[in-house]
Amino acid sequence: MLAIMRRDFRSYFNSPIAYVLIGLFMLLLGLFFNSLIGYGISDIMSEFVASMSSLLLIIIPILTMRSMAEDKKNGTEVLLLTSPARVTEIVLGKFLASFCVFLVMTAASLIFPLITIMAGKPDIMLIISSYLGYILIGAVFVSLGIFASSLTENQIVAAIISLVSIFLIQNIGYLASFFSGFLNKAFLWLSIMDRYNDFNKGIIDLTSIMFMISYAAVFIVLTVRVIEHKRWSQG
Amino acid sequence: MIEIQNLTKEYGRIKAVDNISFNVGKGEILGFLGPNGAGKSTTMNILTGFISSTSGVVKVGGVDILENPVEVKKHIGYLPEHPPLYLDMTVKEYLDFCADLKGVPQNKWKSQKKDIMELVKITHVSHRLIKNLSKGYKQRVGLAQALVGSPEVLILDEPTVGLDPKQIIEIRNLIKALGKNHTIILSSHILPEVSAVCDRVVIINKGKIAAIDTPDNLSKALTDFSRFTVTVAGPENKVKDIISNIYGVKYLETGAKIKDDEYSYIVEADKNVDVRKPMFNQLAQQGFPILELKSLNLSLEEIFLQLTTSEKKEAM
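Basis of the calculations
- Residues numbered from 1 in each chain as written.
- Chains lettered and ligands numbered in written order.
- Predicted model: local features only at pLDDT ≥ 70, side-chain atom pairs only at ≥ 80, totals over all residues.
- Heavy atoms only, no water.
- Contact = heavy atoms within 4.5 Å.
- Buried area = accessible area lost by both parts, 1.4 Å probe.
- Salt bridge = Lys/Arg side-chain N within 4 Å of Asp/Glu carboxyl O.
- Helix = DSSP H or I, 4+ residues; strand = E, 2+ residues; numbered from the N terminus.
- Nonpolar A, V, L, I, M, F, W, Y, C, P; charged D, E, K, R; others polar.
- Pairing = 2+ DSSP bridges.
- Axes fitted to C-alpha atoms, helices over the stretch in contact; angles between N-to-C directions.
- Domains from an automatic or database assignment.
- Core = buried A, V, L, I, M, F, W, Y, C linked by side-chain atoms within 4.5 Å.
- Buried < 20%, exposed > 50% of the residue type's maximum accessible area, 1.4 Å probe, protein only.
- Expected span 1.5 Å × (residues − 1).
- Bend = angle between axes of the 7 residues up to and from the residue.

1. Some details on the interface of chain A and chain B
Stage number 1. Taken together, the contact pairs 26 residues of chain A with 26 residues of chain B.
Stage number 2. Across the chain A to chain B interface the summed buried area is about 2500 Å²; carbon plus sulfur atoms make up 61%.
Stage number 3. The largest share of the area that chain A buries against chain B comes from Arg7(A), Leu79(A) and Pro84(A), three residues that together contribute 27% of it.
Stage number 4. The interface formed by chain A and chain B includes two salt bridges.
Stage number 5. As a salt-bridge pair, Arg6(A) and Asp100(B) come within 2.6 Å of each other at their nearest N and O atoms.
Stage number 6. Looking at the side of chain A that touches chain B, the elements that each hand over two or more residues are helix H1 (2-14), helix H4 (66-74), helix H5 (76-81) and helix H12 (206-233) of chain A.
Stage number 7. Grouping the constituent residues of the side of chain A that touches chain B by class yields nine nonpolar, nine polar and eight charged.

2. Here's the deal with the sheet that holds strand S1 (residues 2-11) of chain B
Residue and element names in this part refer to chain B.
Stage number 1. On the basis of which strands lie adjacent, the open sheet formed by four strands has the order S2-S1-S4-S5 and antiparallel pairing. Two strands lie at the open edges of the sheet, namely strand S2 (14-24) and strand S5 (63-64), each paired on one side alone.
Stage number 2. Here strand S4 (residues 55-60) runs beside S5; their pairing, made up of two bridges, is antiparallel. Residue pairing across strands places Lys59 opposite Asp64, the latter belonging to S5.
Stage number 3. Where helix H1 (residues 40-47) meets the sheet, it contacts S1, S2 and S4, and its direction lies at approximately 120 degrees from that of S1.

3. Description of the sheet that holds strand S6 (residues 76-79) of chain B
All names here are of chain B.
Stage number 1. Pairing within the open sheet is mixed, and its six strands lie in the order S6-S7-S8-S3-S9-S10. Looking at strand neighbours, the two that pair on one side only are S6 and strand S10 (208-213), the edges of this open sheet. Put simply, the sheet's adjacent strands are angled 15 degrees from each other on average, direction ignored.
Stage number 2. As judged from the five bridges shared by strand S9 (residues 200-205) and S10, these two strands associate in the antiparallel manner.

4. Comments concerning the domain arrangement of chain B
Stage number 1. Along its sequence, chain B is carved into domain 1 (2-220) and domain 2 (224-296).
Stage number 2. The centre of domain 1 of chain B, based on its C-alpha atoms, is set 46 Å off from the matching centre of domain 2 of chain B.

5. Some remarks on the nonpolar core
Stage number 1. Of all hydrophobic cores here, the largest spans 137 residues; its most connected members are Phe48(A), Tyr134(A), Ile192(A), Tyr94(B), Leu95(B), Phe97(B) and Ile122(B).
Stage number 2. Looking at this core element by element, the count peaks at 12 residues for helix H8 (residues 124-151) of chain A.
Stage number 3. With 17 residues, the next largest nonpolar core counts Val230(B), Leu252(B), Tyr265(B) and Leu283(B) among its residues.

6. A few points about helix H3 (residues 44-64) of chain A
All names here are of chain A.
Stage number 1. For H3, built from 21 residues, the straight-helix expectation of 30 Å at 1.5 Å per residue is met to within 8% by its first-to-last C-alpha distance of 30 Å.
Stage number 2. At Leu57, H3 shows its largest bend, some 45 degrees, and a proline, Pro61, comes one to four positions later.
Stage number 3. Of all 21 residues in H3, 16 are buried; the element is thus mostly enclosed.

So, in structure tokens, the structure goes:
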């Protein structure tokens, strides 16, 4: 598991993809930060982290699209699947590699809270809570992206699948308002954004944390299933 | 070392591998021969646990691959048809990754890496990116990958494909050398390769085993007549007359005209009768000297064709 994680993580930095993504991310964040300061909002940091999480819609699909798809295309999948590593370990390794790149990006973004702390007196607990929510939702989206990547050997298709899925998840609460009764409840239950918004308000709820982690775990399990299934049916 | 019993793999209605069984002994080099699409790669993919079989049992070192895949995979090194290389890594990084993936202990790995790289002669390219290597070197890196962790069983799917003749000979010698302390299954559709390297050959066609034997026995068993060419000085019709009247001769054909009144003939005769002596005597009596006599053994290539085409007839 660690071998795969190390390799994939390094591979992000061997190609321009990680640098381009981080650069793009930081540039957009800078613009957001700048305009947020202009508005003069009191809880600037939670606003800021919320806009960071909306950026994930673009960042995560690009980050995860090659994870599984590239191995399938290059035939290196054979190497992984005929090694003594279990499928779960392989998928977790891939997930952790992408997640670590995500964490590196998150770490880079910490410069903005630091600026705020130096310049004013923001609610530090609120910043921590927002960031915790952000990291958890990032984990969910990364695992979703990995799952999308396992469905196809075409990276672009993988990116589109995860982009659409992330968009749906981000907006499922909005969709719920069109329905009433059971469907409304089901959609709201699935909606991750409501729980995420709690973090942004400074509410750290253990159920929400568990919910997010389970959400991510579901996609990892699904990815394992997809790979196992392929071995049994087609090869 | 490897036991395969009633192995079948179906893709929908198509049977890619149809009820094949064979064993491979420890230290044996087994050749896996068949036309394209015969089921060679499918069988190898099943043996290595990359895909699963529809039914049948595969045991490596007595362990069932379905019951304990992780244990089995530890003992197998696999070079698939397309070497599974990460193009964005250097050779060294790639092999380190493979060792890491296969759980080779750090202290053993250092010396093993050196040995493997020297064995497949890639030491001088170890710092280069795999993407910049030639096809032959990529193949060698793929082979090196299979050797990582020195597994007891090596499964090599067309290891010499795409190499130049010199490299082919090198790789073949390497495989022979490896055969001394590894059990090897090697697939190929190049026949001389199999007869040069392998102890035993499995000929597979349309998912079924057409024959299993040593290369020598295969060519003996399949010749139910002796076959040779003979070059005789003398007019064609007269010589043909004499030869065809000898007891035991079943078939005669003029091969090539060498010069005026000097022809080579292809003769097929009953296996139990030596027709060479009467042929020599009778031709000499008539004053037609034999200039050359050469026996034609059925090459593996011909056996292969015979087996794979006779199967076709049966199917029809």
